[in-house]
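Residues per chain are reported as follows:
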Amino acid sequence: MNPVNLAVNLGGLSMKNPVTVASGTFGYGDEYNHYFDISRLGAVTVKSLTLRPRAGNAPPRIMETPAGMLNAIGLQNIGLESYLREKVPFLREKNCVIIANIYGYTPDEYGELARRLEEENGADAIEANLSCPNVHDARHARGGALVAQSPEKVLEYTRAIKAATTLPVFIKLSPNVADIVEPALAAQQGGADAISLINTLLGMDIDPETRTPRLGNIVGGLSGPAIRPVAVKMVWDACRALEIPVLGMGGISSAEDALQFLLAGARAVAVGCMSFRRPDTALKVVEGLEAYCMRHGIVDINDLVGAMRL
Ligand SMILES: Cc1cc2nc3c(=O)[nH]c(=O)nc-3n(C[C@H](O)[C@H](O)[C@H](O)COP(=O)(O)O)c2cc1C
C-alpha cells in the first residue's frame, strides 16, 4: 500500500494525485504517451476546444525569452467533433481523468461546449478559458480585452456554463488584472467549483534590426519560470479570499516548484510549457511530491495545502 496519500478532490473532481498539465502544452495527451504513461497523472487537461476547428494565428507563433517563452498560438485546435471522435476513446481506454478546456465567443457557446462534452463522455471536468490573450487583434486600442478582466462578465459566463452541465466547472482566469480577487470572487459567486490560475502574462518582443514584432500576432502570452513568482503570489491572494479550491500553475518545472503552489493554498497544480523541455516533467513532479512527503513524514498531501509557515 502507498504510505502517502496523494489523492485530492478538486471541486468535485477526484484525482489520484494533485498533478495535471496546463491546457495547450500537452495536446490531447496522446503524443505524450510515447514518453510516459499519462494515466500516472492526476488528470490530463486538453488544449482549448472550440465548437469548430481553428487554424490559429499567423506565424511566428512562439519564441524563447529569458527564463520562459512567448506564445500567440491563437487557439489552434481540432474542434469539438474531432476531439470527441478521435481523442476521447484513447483517453478513456487509458482511464485518464479528463479536464476539457473550452473556449467560446459567447456564454451560449461555452454552455454548448460543456453540455456536449458531458453528454458524449468527453470530460470529467470543464475548465473554461476566459483568459486567452491571443484571439483579439492587438492593432486595435483595447483590442485585447478579456472576459476574465471583467468581474461582471466572469459572473455571467460562469452562470451560463454551470447551467449547462453537472460536471465540475473550473474557471481559468487571467493574471492581466490589477486585483485577481475580484474576478475570482465573481467566478465563485457564479457557481464555479474551482479556479485555475494563472494563464499567461501579456507580453511582446521587437526585433530592432527589422523594427518588426517577433510574433505574427504582435503580442503574446508569457509563460515559464519567469512568471512563477507572479503566479504563486496570485494563487496565494486568491486562496485567502475564496472558499472554492484553486488549481495553480505558472512556471512549474519541478516538485519543489509545485510545492510552492500547494503551500500557497492551491489544491492541485498544472505543469505547463516545461513539458516542452522535458516531456515527462509532470510525472517527475508526481514522483517528487511523493518523495518530499516521505522525507517530511507527511501522510496526506492535503495537509500541505495552504501550510506555508509565517
Ligand atoms: C504554447 C502554449 C499554448 C497554450 N494554450 C492554451 C490554451 O489553449 N488554453 C488555455 O487555457 N491556456 C493555454 N496556455 C496557457 C497555459 O495553460 C498556462 O496557463 C500558462 O502557460 C502558464 O503555465 P506555464 O508557465 O507552466 O506554461 C498555453 C500556453 C502555452 C505556452
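It should be noted that the structure appears before, not after, this text.
Calculation notes
Residues numbered from 1 in each chain as written. Predicted model: local features only at pLDDT ≥ 70, side-chain atom pairs only at ≥ 80, totals over all residues. Heavy atoms only, no water. Helix = DSSP H or I, 4+ residues; strand = E, 2+ residues; numbered from the N terminus. Rg over C-alpha atoms; globule rule 2.2 N^0.38 Å. Contact = heavy atoms within 4.5 Å. Areas by Shrake-Rupley, 256 points an atom, 1.4 Å probe, with all protein chains shown as cover. Lys, Arg positive; Asp, Glu negative; His and termini not counted. Charge placed at Lys NZ, Arg CZ, Asp CG, Glu CD. Phe/Tyr/Trp six-rings, centres within 6.5 Å; stacked < 30°, edge-to-face > 60°. Buried < 20%, exposed > 50% of the residue type's maximum accessible area, 1.4 Å probe, protein only. Lys NZ or Arg CZ within 6 Å of the ring centre and 35° of its normal. 1 Å grid on protein atoms, 1.4 Å probe; cavity = no way out; pocket = protein on both sides within 12 Å on 5 of 7 lines; lining within 4 Å. Points joined across faces, edges and corners; volume = space filled by probe spheres on them. Near = heavy atom within 4 Å. Polar contact = N/O pair within 3.5 Å; in protein donor to acceptor, adjacent residues only side chain to side chain. Sits in = over half its atoms within 2 Å of the grid points. Nonpolar A, V, L, I, M, F, W, Y, C, P; charged D, E, K, R; others polar. Pairing = 2+ DSSP bridges. Axes fitted to C-alpha atoms, helices over the stretch in contact; angles between N-to-C directions.

K.L.:
Account for the overall build of the chain, with residues named and values stated.
P.N.:
Helices and strands together make up the secondary structure of the chain, namely 8 helices and 16 strands. Against the globule reference of 19 Å for 310 residues, the chain gives a C-alpha radius of gyration of 18 Å, in line with a compact fold. The principal-axis extent of the C-alpha atoms belonging to the chain is close to 55 × 45 × 40 Å. Within the chain, contacts between residues at least 6 apart in sequence are counted, and of these 71% link residues at least 24 apart. Accessible area of the chain: about 13,300 Å², with a carbon and sulfur share of 51%. Of the charged side chains in the chain, 29 are positive and 33 negative, and the gap between their average positions amounts to 3 Å.

K.L.:
Before we move on, can you summarise the packing of aromatic side chains with the specific residues and values?
P.N.:
Under the definition given, this model contains 7 aromatic pairs. Their ring planes at 15° and their centres at 4.0 Å tell us that F26 and Y32 sit as a pair that is stacked. Exposure class is identical for F26 and Y32. Each is buried. Here a set of aromatic residues connected by ring pairs shows up, and it is made of F26, Y32, Y35 and F36. When the ring centre of W236 is taken as reference, the NZ or CZ atom of R240 above it lies at 3.4 Å.

K.L.:
With reference to specific residues and values, describe unusual backbone geometry.
P.N.:
With an omega dihedral of -10°, the bond running from P59 to P60 counts as a cis peptide bond. One can find P60 in the loop between β4 (44–49) and β5 (62–65). Backbone torsion omega between L197 and I198 reads 5°, so that peptide bond is classified as cis. Inspection of the secondary structure puts I198 in the loop between β10 (194–197) and β11 (201–204). Of note in this structure, N95 is not a glycine but carries a positive phi near 60°. Residue placement: N95 occurs in the loop between α1 (79–93) and β7 (98–102). On the accessibility criterion, N95 (63% relative accessible area) is exposed. One non-glycine residue with positive phi stands out, namely N121, at about 60°. Examined against the element boundaries, N121 turns out to sit in the loop between α2 (107–119) and β8 (125–129).

K.L.:
With reference to specific residues and values, describe the layout of surface pockets.
P.N.:
When its volume is computed, the largest pocket comes out at roughly 640 Å³. If you trace the largest pocket, you find 38 residues lining it, with S23, G24, T25, K47 and N71 closest to the centre.

K.L.:
Go over the site of the ligand with me, naming the residues and quoting the values.
P.N.:
Taken together, 25 residues form the shell around the ligand, and within it S23, K172, G224, G251 and C273 come nearest. Residue K172 places a side-chain N or O atom 2.7 Å away from an oxygen atom belonging to the ligand. With respect to the ligand, the backbone of G224 contributes an N or O atom lying 2.8 Å from an oxygen atom. For the ligand, whose free accessible area comes to 600 Å², the fraction covered by protein is 97%. Using a 2 Å cut-off from the grid points, one finds that the ligand occupies the largest pocket. Class assignment of the residues belonging to the shell around the ligand gives a composition of 9 nonpolar, 14 polar and 2 charged.

K.L.:
Residue-level account of the sheet that holds β4, with values.
P.N.:
Spatially, the 8 strands line up as an open sheet ordered β3-β16-β15-β10-β9-β8-β7-β4, and their pairing is parallel. One side of each edge strand has no neighbouring strand; the edge strands of this open sheet are β3 (19–21) and β4. Each strand of the sheet is rotated relative to its neighbour by a mean of 25°, with strand direction disregarded. Looking at chain direction, β4 and β7 are connected through 4 bridges and run parallel. Residue pairing across strands places V46 opposite A100, the latter belonging to β7. Against the sheet, α2 engages β4, β7 and β8, with an angle of about 155° to β7. Running over the sheet, helix α6 (residues 255–264) touches β15 (246–249) and β16 (268–271) and is turned about 145° from β16.

K.L.:
Provide a residue-level description of the side chain of N176, including the pertinent values.
P.N.:
Inspection of the secondary structure puts N176 in the loop between β9 (169–172) and α4 (181–189). Of note is the side chain of N176, whose polar atom sits 3.2 Å from the backbone oxygen of T200. Among all residues touching N176, those that are not within four sequence positions of it are Q149, T200, L201 and L202.

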